[in-house]
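# Chains, contacts and geometry: an overview
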Amino acid sequence: MHWKSALLSGVFAAIGIGALTGGAAAAGPTCTNGTIKVGAVSTITGPADFSEVPKATQAAFDAVNAAGGINGCKIEYTIADDKADPAVAAQAARDLIDNKEAVALVGSGSLLDCAVNAVNYNRKKISSVQGLGVDAACFSSPSVAPVNVGPFTLSTAMGYYATNVLKSQKFCAFFIIIGGTQEAYKKGIEDWEKISGQKVHLLDLTLPFQGDLTPYVIKARDAGCDTVLTNQVEPQVVQLIKTVDAQKISGINWLFLAPGYTVQVAKALADTKQPIYVGTEWEPFTETGSAANAQWMADMNKAGRPLTAFSQGGYLAAKMFLKVIEGIDGEVTRESVTKALLEMKPISDPLAGSPYVFGEAKTHSPMRATKVMKLENGAWKVETPEWVVLPDAK
């Protein structure tokens, strides 16, 4: 093995990444001034805190830097807080691209980064390996490819699970619509209809982010829904189930997306008898004995970072980016990174049920698998030990 390949072997082993392979002539990645500049635009302050996503990316980069960098190149990582403000998000992206001269965006997790900045990323020919794609634009841009399944594809996957496993005949969905997400959620249900051959029994796009949920649970009961999917986040998941219990409703499976999969939700609903299921975007983070989680857990513990699903996303984004960098023969620039991402082969990782690929498509939603968790006596239990992999909608 060439000496640079041997060095890379040790560096990438530090975070469980396979070493560069190749003949003795391989130069491997190089850099100017000893650094590879990377950034992230994330919502850290404001109505949501996604800071665990880029902080996990930072931890992965720190591990590589501590092991000597990539052929001596250190990752210089800048996390910009967009404060959930479009003007701040636009300025943050411009600063990273034009002033910091980032070669790529890695590990971003934001309420609006993609919606605000995706067009600019495309114009500047810079790519974003999103750690947590939240808004619809993250999955409909040629310059952004998230490492998470995302709420829209996950809605399809949970519908697929309801049809195939729970044998649902009257599948209903209630969605909170924020920003430009309505068409994406509608498409998620349409894709489920194509895959399942069924028609949604009831689709309600008026679910409130705050307010009384009693009319909605009554509507689901009176419509005869046997399964209800919502896209609510942690507090609303608890509120919905407590409303269902207060109305003494039974006979409905309650399905939620990844934001409902928290330890706090499980504890808050420990006494309910309702059948509650959530879909994960990665290997279930509460499964601390899982071999798939072992390297992530070790690296997060070493860095003093909490073990959360958000940190899985940031960590996986770093791993995918580093694997792509590993394959660059020559200087790591914005151009060479973009080219490598466009031409990359799919990369599998035990944290995810689908291989990750950026590629040359006009839109990117590469992750299409979930593991379904069921709430039992205040704890989440794995309902599907094998990944539920969503087939393509025909």
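The shown structure was predicted, so the numbers you read here are calculated from the model rather than taken from an experiment. (Residues numbered from 1 in each chain as written. Predicted model: local features only at pLDDT ≥ 70, side-chain atom pairs only at ≥ 80, totals over all residues. Heavy atoms only, no water.)

### Some remarks on the sheet that holds strand β4 (residues 104-106)
Whether parallel or antiparallel, the strands of a sheet pair through hydrogen bonds between backbone atoms. Worth spelling out the cut-off: Pairing between two strands requires that DSSP report at least two bridges joining them. Per the convention used, a helix needs a DSSP run of H or I reaching at least four residues, while a strand needs a run of E reaching at least two, with both numbered from the N terminus. Contacts were defined at the residue level, with two residues in contact if any of their heavy atoms lie within 4.5 Å. Only the contacting stretch of a helix is used when fitting its axis, a line to C-alpha atoms as for every element, and angles between N-to-C directions run 0 to 180 degrees.
Spatial ordering of the open sheet is given by β3-β2-β4-β5, a layout of 4 strands whose pairing is parallel. Here the strands that pair on one side only, and so sit at the sheet edges, are β3 (74-81) and β5 (128-129). With 2 bridges joining them, strand β2 (residues 35-42) and β4 adopt parallel strand pairing. Within β4, the position partnered with V38 by the bridge is A104. Where helix α3 (residues 86-99) meets the sheet, it contacts β2, β3 and β4, and its direction lies at approximately 175 degrees from that of β2.

### Structural notes on helix α4 (residues 113-124)
Keep this limit in mind: Type-normalised accessible area, obtained with a 1.4 Å probe on protein chains alone, sets the label of each residue: buried when under 20%, exposed when over 50%, and partly exposed for intermediate values.
Among the residues of α4, those classed as buried are D113, C114, N117, A118, N120 and Y121. Elements that come into contact with the buried residues of α4 comprise β2, α3, β4 and β5. Immediately beyond the C-terminal end of α4, within one or two residues, lies K125, with a positive phi of roughly 55 degrees.

### Describing the nonpolar core
Generally speaking, nonpolar side chains in soluble globular proteins are found buried as a group. Just so we agree on the cut-off: Take the buried residues of types Ala, Val, Leu, Ile, Met, Phe, Trp, Tyr and Cys, join any two whose side-chain atoms come within 4.5 Å, and each joined set is a nonpolar core.
Formed by 119 residues in total, the largest nonpolar core has its most connected members in I36, V38, F61, F321, V337, Y356 and W380. In terms of residue count, helix α11 (residues 309-326) provides more of this core than any other element does, 9 residues in total.

### A few points about helix α10 (residues 294-303)
Every α-helix carries 3.6 residues per turn, so stepping three or four residues along brings you back to the same face. By the burial criterion, the buried members of α10 are W296, M297, D299 and M300. In this structure, the buried side of α10 is in contact with α2 (52-66) and α11. Downstream of α10 by one or two residues, G304 has phi in the positive range, about 75 degrees.

### Some details on the packing of aromatic side chains
Quick note on the threshold: Any pair of Phe, Tyr and Trp rings, taking the six-membered ring for Trp, is counted once the centres come within 6.5 Å. Such a pair is stacked with planes under 30 degrees apart, edge-to-face with planes over 60 apart, and tilted for the rest. Only lysine NZ and arginine CZ atoms are considered, and such an atom sits over a ring when it is within 6 Å of the ring centre and within 35 degrees of the ring normal.
The full count for this structure, using the stated rule, is 11 aromatic pairs. With 6.3 Å between their ring centres and 80 degrees between their planes, F174 and Y216 make a pair best called edge-to-face. You can see F174 sitting in strand β6 (residues 171-174) and its partner Y216 sitting in helix α7 (residues 214-223), a full 42 residues away along the chain. With respect to burial, F174 and Y216 carry one shared label: buried. Pairing F175 with Y185 gives two aromatic rings, centres 4.5 Å apart and planes at 20 degrees, and the pair type is stacked. Taken together, the residues span a long stretch of sequence, with F175 in the loop between β6 and α6 (182-196) and Y185 in helix α6 at a distance of 10 residues. Of the two residues, F175 and Y185, neither departs from the other in class, the shared state being buried. Among the aromatic residues, those joined into a cluster by ring pairs are F139, F152, F175 and Y185. Geometry around W387 places K371 over its ring, the cationic atom sitting 5.0 Å from the centre.

Structural measurements only, silent on function.
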